Amino acid sequence: MPTVPAARLMDGTALARRTVEETAARAAEITRRTGTAPCLATVLVGEDPASVTYVRMKRARCEKAGIRSRHMELPAATSTEELVATLTGLSQDSEVNGILLQHPVGPHIDERAAFEAIAPEKDVDGVTMTSFAAMSFGLPGFESCTPGGIMRLLDAYDVNPSGKRAVVVGRSAILGKPAGMLLLARDATVTYCHSRTTGLSEIVAEADILVAAVGRPRFIRGEDIKPGAVVIDAGYNPGNVGDVDFDTAAERASLITPVPGGVGPMTIAVLLAQTVDAAERQLGL
Ligand SMILES: Nc1nc(=O)c2c([nH]1)NC[C@@H]1CN(c3ccc(C(=O)N[C@@H](CCC(=O)O)C(=O)O)cc3)C=[N+]21
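Everything numeric in this text was worked out from a predicted model, so none of it was measured.

A. Examining the sheet that holds strand β3 (residues 68-74) more closely. Strand order in the open sheet formed by three strands is β3-β2-β4, with parallel pairing between adjacent strands. Two strands lie at the open edges of the sheet, namely β3 and β4 (98-101), each paired on one side alone. Sheet twist, expressed as the mean angle between neighbouring strand axes with direction ignored, is 15°. Note that strand β2 (residues 39-45) and β3 share seven bridges and pair parallel. The residue bridging T42 from the neighbouring strand is H71, located in β3. With respect to the sheet, helix α2 (residues 49-64) is in contact with β2, β3 and β4, its orientation differing from that of β2 by roughly 170°.

B. Structural context of the sheet that holds strand β7 (residues 209-212). In spatial order, the strands read β1-β9-β8-β7-β5-β6; together these six strands make up an open sheet with parallel pairing. The sheet is open, and its two borders are formed by β1 (8-9) and β6 (189-193), each paired with just one other strand. With four bridges joining them, β7 and strand β8 (residues 230-233) adopt parallel strand pairing. Across the sheet, residue I209 finds its bridge partner in β8, namely V230. Packing against the sheet, helix α7 (residues 176-185) makes contact with β5 (165-169), β6 and β7, and its axis sits at approximately 170° to β6.

C. The UniProt feature "domain: Tetrahydrofolate dehydrogenase/cyclohydrolase NAD(P)-binding" (unreviewed entry) in the chain, seen in detail. UniProt records the feature "domain: Tetrahydrofolate dehydrogenase/cyclohydrolase NAD(P)-binding" (unreviewed entry) for residues 144-282 in the present numbering. Along residues 144-282 the backbone is 37% helical and 14% strand, and the end-to-end C-alpha distance reaches 19 Å.

D. Highlighting the nonpolar core. With 44 residues, the main nonpolar core has M10, I67, L154, L183, V230, I232 and L272 as its most contacted residues. Those elements that provide at least two residues to this core are α1 (12-34), α6 (145-156), β5, α7, β7, β8 and α10 (263-283). It is α10 that provides the largest number of residues to this core, a total of 10 residues. Per-domain counts for this core show at least three residues from each of domain 1 (35-120) and domain 2 (144-264). Each residue touching L154, except ones within four places of it in the same chain, is listed here: M10, V159, L183, V230 and I232. Of all hydrophobic cores here, the second largest spans 18 residues; its members include A7, V169, L210 and A250.

E. The arrangement of the pairing of β7 in detail. A two-sided burial pattern is seen for β7, the buried positions comprising I209 and V211 on one face and L210 and A212 on the other. By the bridge criterion, four bridges tie β5 to β7 in an arrangement that is parallel. Opposite V168, over in β7, you have V211 as the bridge partner.

Procedures and definitions
Residues numbered from 1 in each chain as written. Predicted model: local features only at pLDDT ≥ 70, side-chain atom pairs only at ≥ 80, totals over all residues. Heavy atoms only, no water. Pairing = 2+ DSSP bridges. Helix = DSSP H or I, 4+ residues; strand = E, 2+ residues; numbered from the N terminus. Axes fitted to C-alpha atoms, helices over the stretch in contact; angles between N-to-C directions. Contact = heavy atoms within 4.5 Å. UniProt positions renumbered as here; feature names shortened; annotations may be inferred. Core = buried A, V, L, I, M, F, W, Y, C linked by side-chain atoms within 4.5 Å. Buried < 20%, exposed > 50% of the residue type's maximum accessible area, 1.4 Å probe, protein only. Domains from an automatic or database assignment.

Below, the structure written as structure tokens:
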């Protein structure tokens, strides 16, 4: 007998559409009141095809929402000092409301130094230490976009993290680590797993909420998932493949995000929403 998938889909495309519509209305109001649309600066170092595609998608979504974008393309050989100077310039430019530095930059660049050159009030991608601290303390501020998108998905599907066991597989600076912090700020009991974790399967099996953010295609398999768990696939591997083996996971989960159509569109929606938040704050609206 074929197994019936138990899981309901968490539709990131639909939620992102609603979020972007609300954002577009707020952007239009800013434009009406000031004569100028909010502006996101996007900075891309090098020509990694996936990064080029992601930045293009972000800019296209901005345009649809009535947000201007100003794009800067820097050669792969750009030094840390040059990148920091570019980001400092954008931070001081009163026409720019938000700044996105696409990750990853080349290995010869100190990415942390570059992120910290983004003024905290323009850190709409939630990558600075200031933003991380705000997420960790549960204070208002900009959220890292993918983790912020995950929290909005949980809220939209009435998943309250409070008291739940959340397991985050992955500890990157702008995905796994802040995702765990946002869940902790909402009173989940959070466990981080990573490449040195031993007994991963046993830990994953305890998760009421599982966030997969390791960057390994179909790494999390259904057999390890607790029946009824909420499974968030934050993986973006080449070919639009997630970190979760969707078919087997969907047999066990109660709710699951697809790839594509789950966390990805929400990442961009949060970027746009936070760009308008930044513009409103800077204009005192
Ligand atoms: N500073 C920084 N901030 C980021 O937020 C950031 C980054 N660097 N570097 C790369 C990752 C990746 N990322 C994605 C955004 C949207 C989709 C997305 O919308 N994906 C669609 C499918 C895309 C397609 O059709 O090709 C989906 O999942 O439905 C995926 C991945 C943001 N990232």
